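# Per-entry structural report
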Amino acid sequence: MASYSKELEVAQLAVQRAAILTKKVFHEKAKGTISKDDASPVTIGDFGAQALIIHAVKKNFPEDQVVGEEEASSLRDNQKLRDQIWALVNGTKLSDSEAEKVLGGPIESMDAMLDAIDAGNSAGGNKGRIWALDPIDGTKGFLRGGQYAVCLALMVDGDVKVGVLGCPNLPVDDSAPLTAESGIDQTDAEGKGVLFSAVSGHGATSRPLGIAGLGKSQPIQMKEVKDLGQATFCESVEAGHSSHGDQFEIANKLGVTKPSVRMDSQAKYGSIARGAGDIYLRLPVRADYQEKIWDHAAGDLIVREAGGEVTDTLGRRLDFSKGRTLAENKGVVAAPVAVHGQVLSAVKEVLAAKK
Ligand SMILES: Nc1ncnc2c1ncn2[C@@H]1O[C@H](COP(=O)(O)O)[C@@H](OP(=O)(O)O)[C@H]1O
Ligand SMILES: [Mg+2]
Ligand SMILES: [Mg+2]
Ligand SMILES: [Mg+2]
């Protein structure tokens, strides 16, 4: 089985470098927020991180395609924002020069930066090597001072092979259990930060999210759930992203007694993968919403490699080969393999009762 060691190294270092930039923006009051066509927010942190990561991917793997969340059209006619992002991007590097070299060095010019952002325009699909990039997942959490993640995955012929999640506001310690506070008020982010990774068939790991080269890694595993009543389940903070009501009913049906842990971004996938939490539920709020591949690709692999099963609400594996969205899936149900079937039955019962 291919080990994708070069791809993994580049992805981890690229995410680590981008997180230096996002952390800088996180600690600033003015985040240069603008509203996208779908009324969702994007900040100078999202644009800057996308530029840095695509630049590194393209330097190392010029033939590969990228499905990135953001695009640069709004920057091409907004000089102030463009200058702000360029200043950030130009000033961000890893403090280890060897690691910086792996990433192909800095971006040459502002134009090259805009082109790098726009190189995230792949249509996706089931052929060849395609990276899925979410430069800041959980932008609303990022703006609120909550959790967020820098997410990058490599798909080969529509199958996720490498997944990396940088979570600057999660504790480094894998054994720190989730609490109601885990998802909120992370404004003192210093000393925190974890980098999750997985390669298909080779397991999942975590390591501290640093600012130089890669720190020492350790394997991670989902926790064995002996009693679903004691399980910790995670869900989005935003009620517009998943149905808190349905998730509450499902948890009740399973006999879960603890309140849900609300947390933005794919930090939820990372948290259950290392056994800090147990279950992640994302029940659709709208029948016509298609989940984006960059919101799930890295997390899906990391959870599966840590001993989890990830499906949609109908029990189908997430299918990343359908383009930029998970067009053939509805919602997400992630849990340890041993209890996933039980969780899925509860999901189906709750959804059936609503029809
Ligand atoms: N109606 C909807 N249903 C599900 N997900 C949605 C949604 N509207 C937006 N999203 C996605 O939810 C992601 C955040 O997930 P979470 O709620 O787990 O933090 C957003 O990622 P970005 O923040 O990268 O835009 C966005 O892509
Ligand atoms: Mg977004
Ligand atoms: Mg996202
Ligand atoms: Mg995003």
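Residues numbered from 1 in each chain as written. Chains lettered and ligands numbered in written order. Predicted model: local features only at pLDDT ≥ 70, side-chain atom pairs only at ≥ 80, totals over all residues.

### Structural notes on the site of ligand 1
Basically, it comes down to this: In this analysis a residue is considered near a molecule or strand if the C-beta atom, reconstructed from its backbone, is found within 6 Å of that molecule or strand. Strands are runs of DSSP state E lasting at least 2 residues, helices are runs of H or I lasting at least 4, and numbering of each runs from the N terminus. Three categories are distinguished: nonpolar for Ala, Val, Leu, Ile, Met, Phe, Trp, Tyr, Cys and Pro, charged for Asp, Glu, Lys and Arg, and polar for the others, with Gly belonging to the last. Residue ranges assigned to the domains are those given by an automatic or database domain assignment.
Around ligand 1 lies a shell of 18 residues, among which Gly-138, Thr-139, Ser-236, His-241 and Asp-264 are the nearest. When residues of the shell around ligand 1 are traced back to their parent elements, those giving at least two are strand S4 (129-137) and helix H7 (139-144). In terms of residue class, the shell around ligand 1 is built from 2 nonpolar, 8 polar and 8 charged. Formed jointly, the shell around ligand 1 draws a minimum of three residues from each of two domains, domain 1 (5-220) and domain 2 (228-354).

### Here we look at the sheet that holds strand S12 (residues 279-282)
The condition that has to hold: Strand pairing follows a simple DSSP-based rule, namely that at least 2 bridges must link the two strands.
The 5 strands lie next to each other as S11-S10-S12-S14-S13, forming an open sheet whose pairing is mixed. Edge positions in the sheet fall to strand S11 (261-262) and strand S13 (308-311), since each of these pairs with one other strand and no more. As paired strands, S13 and strand S14 (residues 332-336) are joined by 4 bridges and run antiparallel to one another. Following the sheet pairing, Thr-311 is matched in S14 by Val-333.

### Details of helix H10 (residues 297-305)
Applicable threshold: Counts of 20 or more other C-beta atoms within 10 Å of a residue's own C-beta define buried residues, counts of 12 or fewer define exposed ones, and intermediate counts define partly exposed ones; C-beta atoms are placed from the backbone.
Burial within H10 is extensive, with 9 of its 9 residues counted as buried. Buried within H10 are the following residues: Ala-297, Ala-298, Gly-299, Asp-300, Leu-301, Ile-302, Val-303, Arg-304 and Glu-305. One or two steps after H10, the chain reaches Gly-307, where phi turns positive at roughly 100°.

### Structural notes on the sheet that holds strand S8 (residues 204-208)
Strand pairing in a sheet is mediated by backbone hydrogen bonds. Such pairs are either parallel or antiparallel. We count it as follows: Each axis is a line fitted through C-alpha atoms, and for a helix only the stretch in contact is used; angles between axes span 0 to 180 degrees, taken between their N-to-C directions. Residues are scored as being in contact if the C-beta atoms we place from backbone atoms lie within 7 Å.
The sheet built from 7 strands is open, its strands ordered S3-S4-S5-S6-S7-S8-S9 with mixed pairing. Only two strands of the sheet have a single partner each, and these edge strands are strand S3 (65-68) and strand S9 (218-220). This sheet shows a mean twist of 20° between the axes of neighbouring strands, independent of strand direction. H10 rests against S4, strand S5 (149-156), strand S6 (159-167), strand S7 (194-199) and S8 of the sheet, and its axis sits at about 100° to S6.

### Overview of the nonpolar core
Applicable threshold: Under the definition applied here, buried Ala, Val, Leu, Ile, Met, Phe, Trp, Tyr and Cys residues are grouped into a nonpolar core through C-beta atoms within 7 Å.
In this structure, Ala-14, Ile-53, Leu-152, Ala-153 and Ile-302 are the most contacted members of the largest nonpolar core, which totals 113 residues. Per-element tally for this core: the top contributor is helix H1 (residues 5-26), with 12 residues. A domain split of this core shows at least three residues from each of domain 1 (5-220) and domain 2 (228-354). Contact partners of Leu-152, with chain neighbours within four places excluded, come to Ala-11, Ala-14, Val-15, Ile-53, Trp-131, Leu-133, Val-164 and Ala-298.

### Digging into the domain arrangement of the protein chain
If you check the domain split of the protein chain, you get domain 1 (5-220) and domain 2 (228-354). Taken over C-alpha atoms, the centre of domain 1 sits 23 Å from the centre of domain 2. Facing the 43 residues of domain 1 at the interface are 34 residues of domain 2. Mapped onto the side of domain 1 that touches domain 2, the elements with two or more residues apiece are S4, H7, S5, S6, S7 and S8. For the side of domain 1 that touches domain 2, the class distribution of residues is 24 nonpolar, 14 polar and 5 charged.

### Looking at helix H2 (residues 44-60)
The cut-off we apply is this: What a helix should span is 1.5 Å times the count of its residues minus one.
With 17 residues, H2 should reach 24 Å at 1.5 Å per residue; the first-to-last C-alpha distance of 25 Å fits that figure. Most of H2 sits inside the fold, with 14 of its 17 residues counted as buried.

### Quick notes on the packing of H1 against H2
We apply this condition: Here is the rule for angles: anything less than 35 degrees is roughly parallel, anything more than 145 is roughly antiparallel, 65 through 115 is roughly perpendicular, and the remaining ranges are oblique. Handedness of a helix crossing follows the sense of rotation of the near helix relative to the far helix, less than a right angle counterclockwise being left-handed and clockwise being right-handed.
The interhelical angle for the contact between H1 and H2, taken along N-to-C directions, is 160°, at an axis separation of 9 Å. As judged from the angle between their axes, H1 and H2 are roughly antiparallel. Here the hand of the crossing between H1 and H2 comes out right-handed. From H1, Val-10, Ala-14, Val-15, Arg-17, Ala-18, Leu-21, Thr-22 and Val-25 reach across to H2, where they touch Ile-44, Gly-45, Gly-48, Ala-49, Leu-52, Ile-53, Ala-56, Val-57 and Asn-60. Across the contact of H1 with H2, the residue classes break down as 12 nonpolar, 4 polar and 1 charged.

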